[in-house]
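Residue-level listing of the chains:
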Amino acid sequence: MGNWKMNGSLASNQQLLEQLIASLGSAHSHSDVVVCAPYPYLAQLQQMLANSAVEWGAQNLSAEPQGAFTGEVSAQMLNDFACKWVLVGHSERRALYGETDADVLAKTQAALDAGITPVVCVGETESEQAAGQTENVILQQLQSILKLDSALLSRIVVAYEPVWAIGTGKSATPEQAQAVHAYIRQLLAQHNAPKVRILYGGSVNAANAADLFLMPDIDGALVGGASLQAADFLSIAAA
Ligand code: PGA
């Protein structure tokens, strides 16, 4: 899953998407390939990707259905552009825009209500990791979501993105990531949702993806920087 963040333009997106389509074609492989773009480009994604193997989504949504919420975008609006996926609680939303665990829960519920798969992002900061707090932080971030009815919980995706690995070129090692994924898997299993997909994110690139994907509890990747280069993203998808 590519997270374009606040990057792109109509022209550069077209070029990137054309390369993805040319390589991936229209047949679905056994893995899902998804790009999450800024809101204004969702129409472009819908138009270009509708009959392709590439799915699309947004990077955020409002928990509110409609009304006086200037600048916000609802789940039903994402449905108008056939988004199947939406990122929720990315660490940049939490750190830069003050999103709380309560916000993340409300957004997760709004996405599920609208039939869109929320990709719930969790992860510890460098100082939390240094203090040995990784599992506590993840538990805190996931706690209220784990209390969702297990049929609903089974429909989410979790992305583990250690904040210290995002955009730094300093990916977690496969073993480090696996240890946290195994912990998340155990939490999900305790809540009757053992098959929820758990993506790793944080400096995933063409060179390190395959080793990460060898780990038993790493089901895929959430890719920032490398998703903006077709060749890199395609080689991650191939891995
Ligand atoms: P990165 O970003 O791959 O550029 O580290 C990942 C993310 O923030 O989702």
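Residues numbered from 1 in each chain as written. Predicted model: local features only at pLDDT ≥ 70, side-chain atom pairs only at ≥ 80, totals over all residues. Heavy atoms only, no water.

Draft legend 1. Highlighting the sheet that holds strand S6 (residues 157-160). Pairing in this open sheet of 8 strands is parallel, and the strands run S1-S2-S3-S4-S5-S6-S7-S8 from one edge to the other. Every interior strand has two partners, whereas the edge strands, strand S1 (2-3) and strand S8 (220-222), have only one. Taken together, the 4 bridges between strand S2 (residues 33-36) and strand S3 (residues 54-58) define a ladder with parallel strand orientation. Its bridge partner lying in S3, Val35 is registered against Trp56. (Pairing = 2+ DSSP bridges. Helix = DSSP H or I, 4+ residues; strand = E, 2+ residues; numbered from the N terminus.)

Draft legend 2. Structural detail: helix H11 (residues 230-238). Within the span of H11, buried status applies to Ala230, Phe233, Leu234 and Ile236. End-on view of H11: buried residues confined to an arc of 160°, all on one side of the axis. Residues Ala231 and Ala238 are exposed on H11 and point more than 90 degrees away from its buried face. (Buried < 20%, exposed > 50% of the residue type's maximum accessible area, 1.4 Å probe, protein only. Arc of directions from axis to C-beta.)

Draft legend 3. Here's a closer look at the nonpolar core. With 64 residues, the main nonpolar core has Val35, Leu45, Leu78, Leu142, Ile184 and Tyr200 as its most contacted residues. Of all the elements, helix H9 (residues 174-190) adds the most residues to this core, at 6 residues. Ignoring sequence-local partners within four residues, the contact set of Leu78 consists of Tyr39, Leu42, Ala58, Asn60, Leu61, Val73, Cys83, Val86 and Ile116. Counting residues in hydrophobic clusters, the runner-up holds 11 residues, among them Leu87, Cys121, Ala159 and Leu199. (Core = buried A, V, L, I, M, F, W, Y, C linked by side-chain atoms within 4.5 Å. Contact = heavy atoms within 4.5 Å.)

Draft legend 4. Here's a closer look at the environment of Leu42. Inspection of the secondary structure puts Leu42 in helix H2 (residues 42-49). Here the alpha-carbon distance between Leu42 and Asp232, two residues 190 residues apart in the chain, equals 22 Å. With near-sequence residues (within four places) excluded, Leu42 lies in contact with Ala37, Gly57, Ala58, Leu78, Phe81 and Cys83.

Draft legend 5. Region of interest: the layout of surface pockets. As a volume, the largest pocket reaches approximately 630 Å³. Ser31, Asp32, Asp219, Gly220 and Ala237 are, among the 26 residues lining the largest pocket, the residues nearest its centre. Every element with two or more residues in the lining of the largest pocket is listed here: S2, strand S7 (197-201), S8 and H11. The dominant element in the lining of the largest pocket, judged by the number of residues it contributes, is H11, at 4 residues. Tallied by class, residues from the lining of the largest pocket come to 18 nonpolar, 5 polar and 3 charged. Here the second largest pocket defines a volume of roughly 480 Å³. (1 Å grid on protein atoms, 1.4 Å probe; cavity = no way out; pocket = protein on both sides within 12 Å on 5 of 7 lines; lining within 4 Å. Points joined across faces, edges and corners; volume = space filled by probe spheres on them. Nonpolar A, V, L, I, M, F, W, Y, C, P; charged D, E, K, R; others polar.)

Draft legend 6. Quick peek at H9. Across its 17 residues, H9 extends 24 Å between first and last C-alpha, which sits within 8% of the 24 Å expected from 1.5 Å per residue. Of all the positions in H9, only Pro174, Ala177, Gln178, Val180, His181, Tyr183, Ile184, Arg185, Leu187 and Leu188 are classed as buried. Contacts from the buried residues of H9 go to strand S5 (117-122), helix H7 (134-146), helix H8 (150-153), S6, S7 and helix H10 (209-213). Residue Asn192 follows H9 closely and has a positive phi angle near 60°. (Expected span 1.5 Å × (residues − 1).)

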